[in-house]
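One letter stands for each residue in the lines below.
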Amino acid sequence: MKRLSHIIFASALSLIIPLTSVATEQADTLKSRGVVDPTLSVGVRALKILPTNMFLRGSNEKGERLNTSVAPVVEFTVRNAPGSRYGRWYPTAYQGIGAGVQFSQPGGILGTPALLYVLQGARLASLSSRLSLDYEWNFGAAMGWKKLDPEDPDYIRVYDGIGSSVTAYINLGLYLRYRLNSNLSLFGAVEVTHYSNGNTNDPNPGVNMLGARIGMSYTLGTPAGTRRADWSDFEPGMVYDVSAYGAWRKWGYYPYLNSEYEDEANEQCLIPGKFAVVGFSINPMYRFNPIVSAGLSLDGQYDEGANLSSYYVESTPTDDPRFYRPSFSDRIMLGVSARVEARMSLFAINIGLGHSVLAPGGPDQRGWYNTFSLKTFVTDRVFLLTGYKLLRFQYPGNLMLGLGYRF
């Protein structure tokens, strides 16, 4: 699972390197680089662990229900300079990096993962001259979950709570921010958090949390101040995003697919090993304004492990199965999806709802699918893609880790 953390970090690399390199520079120098208001924030997150699976409800090696979690965090952010294009279009947006440690109670069950993430936020409304309502999202990696060894003779799958030592970390919060003076602010937030290994390992139950965050922020130097958004130089029109991605995932299969007994036919077994996934999307969109775009996308994917159930060699054991080689057409899918995208400075969040139009191999890739993607723009046209695909609104799909180009 070290590969997962490396790829997640690569998605943030274009932001982390410039931010850390300017962390100690003066405000005037930062302005010349197109960013202002370097800000340090410290906070504490207190969260309720939602009992969404048996492991969290007490089916673990200690037999205890997991209830609460606490995470101290520290963040460094900057804003776009008011005179820059992003500064005019997104005047209250800020972006940066953060780190923290997650402690859960009772201890010793989930582990104590370290958090490393990129973040972005912006003002939703000014409630007074000092008080504002903001949003902020975090995306990164959580490293150090307790992972059991599946090769251990005493291994019990249900006790392997999160399935990986490294997972993705996703957080979204609504903030009330009160400015004590031009440099110092206090904040409180309500937030939701999700941890998942993205179906790159088994099991993948995920951990969800709901809670609050409190803290304070200090802006170094003289703050540049904020202005109203100025979109006078923006021209609505079409853009064309072409992206390619790859990942790996786990698959299950149905060894008794043709059984006359329904319970036996529905019994799923895990296939050892991991399977490669590659895909692409061609996504024309109309940009209504600097924030909102929408359009359709042609999506294609090749999944090495799709539709293997009908190729199972019945004479082999179910825990060490062998399969006849499927054809290429059994592993491919073409689909069309509707896409909506929200852009804020360097980042764009793209959400899609689609349906397969060509999936000749079988049910594994047929039907509805959802895509959730984060685009990190390294330049005006080149972006890093980090996303996830969900099948039929509920079944785990695969990560989407790749590159894209905007025409």
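Residues numbered from 1 in each chain as written. Predicted model: local features only at pLDDT ≥ 70, side-chain atom pairs only at ≥ 80, totals over all residues. Heavy atoms only, no water.

1. What to know about the overall build of the chain
Here is step 1: Along its length, the chain carries five helices and 19 strands.
Here is step 2: Counting across all 407 residues of the chain, residues that qualify as buried make up 50%.
Here is step 3: For the chain, contacts bridging at least 24 residues in sequence account for 65% of all contacts bridging at least 6.
Here is step 4: Carbon and sulfur atoms make up 61% of the accessible area of the chain, which amounts to about 19,000 Å² in all. (Helix = DSSP H or I, 4+ residues; strand = E, 2+ residues; numbered from the N terminus. Buried < 20%, exposed > 50% of the residue type's maximum accessible area, 1.4 Å probe, protein only. Contact = heavy atoms within 4.5 Å. Areas by Shrake-Rupley, 256 points an atom, 1.4 Å probe, with all protein chains shown as cover.)

2. Concerning the confidence of the model for the chain
Detailed reading of the predicted coordinates is not advisable wherever pLDDT falls low.
Here is step 1: Counting all residues, the mean pLDDT for the chain is 87, and 89% of those residues have values of 70 or more.
Here is step 2: Throughout residues 4–30 the model reports pLDDT below 50, and contacts reaching past four residues in sequence, or to other chains, amount to 48 contacts. (pLDDT = per-residue confidence, 0-100.)

3. As for the environment of asparagine 201
Here is step 1: As for its placement among the helices and strands, asparagine 201 is situated in the loop between strand E8 (184–196) and strand E9 (207–219).
Here is step 2: C-alpha separation for the pair asparagine 201 and serine 164, spaced 37 residues apart in sequence, amounts to 6.5 Å.
Here is step 3: Within polar-contact distance, the side chain of asparagine 201 engages the backbone oxygen of glycine 163 at 3.4 Å. (Polar contact = N/O pair within 3.5 Å; in protein donor to acceptor, adjacent residues only side chain to side chain.)

4. Remarks on the nonpolar core
Here is step 1: The biggest cluster of nonpolar side chains holds 19 residues, and the ones touching the most others in it are Leu66 and Tyr195.
Here is step 2: Those elements that place two or more of their residues in this core are strand E1 (35–49), helix H3 (54–57), strand E5 (111–126), strand E6 (131–145) and E9.
Here is step 3: When residues of this core are assigned to their parent elements, the largest contribution, three residues, is made by E5.
Here is step 4: In contact with tyrosine 195, not counting residues within four places along its chain, are Arg45, Gln102, Leu115, Ala142, Trp145, Ile162, Thr167, Ala168, Tyr169, Gly206, Val207 and Met209.
Here is step 5: Residues Ile97, Trp137, Phe234 and Met344 belong to the second largest nonpolar core, which totals 17 residues. (Core = buried A, V, L, I, M, F, W, Y, C linked by side-chain atoms within 4.5 Å.)

5. Some remarks on the sheet that holds strand E18 (residues 382–391)
Here is step 1: Spatial strand order, E10-E13-E14-E15-E16-E17-E18-E19: eight strands in a closed barrel with antiparallel pairing. Here the average twist between neighbouring strands, direction ignored, is 25°.
Here is step 2: With eleven bridges connecting them, strand E14 (residues 292–303) and strand E15 (residues 332–344) associate as antiparallel partners. What sits directly across from valine 292, in E15, is alanine 342. (Pairing = 2+ DSSP bridges. Axes fitted to C-alpha atoms, helices over the stretch in contact; angles between N-to-C directions.)

6. Concerning the environment of serine 41
Here is step 1: Topologically, serine 41 is positioned in strand E1.
Here is step 2: Judged by relative accessible area, serine 41 falls into the buried class, the value being 8%.
Here is step 3: Through-space distance from the C-alpha of serine 41 to that of tyrosine 218 is 6.4 Å; in sequence the pair is 177 residues apart.
Here is step 4: For serine 41, the side chain forms a polar contact with the side chain of serine 217, separated by 2.6 Å.

7. Points about the pattern of salt bridges
Here is step 1: One pass over the full model with this rule turns up 15 salt bridges.
Here is step 2: A salt bridge links arginine 85 to aspartate 380; the shortest N-O distance between them is 2.8 Å. Taken together, the residues span a long stretch of sequence, with arginine 85 in helix H4 (residues 85–89) and aspartate 380 in the loop between strand E17 (368–377) and E18 at a distance of 295 residues.
Here is step 3: For aspartate 380, a relative accessible area of 46% corresponds to the partly exposed category.
Here is step 4: Aspartate 241 is paired through a salt bridge with lysine 375; the nearest N and O atoms lie 2.6 Å apart. With a gap of 134 residues between them, aspartate 241 in strand E10 (residues 237–249) and lysine 375 in strand E17 connect regions that are remote in the sequence.
Here is step 5: Here the salt bridges do not stand alone but share partners, grouping Arg45, Glu75, Glu136, Glu191 and Arg213 into one network. (Salt bridge = Lys/Arg side-chain N within 4 Å of Asp/Glu carboxyl O.)

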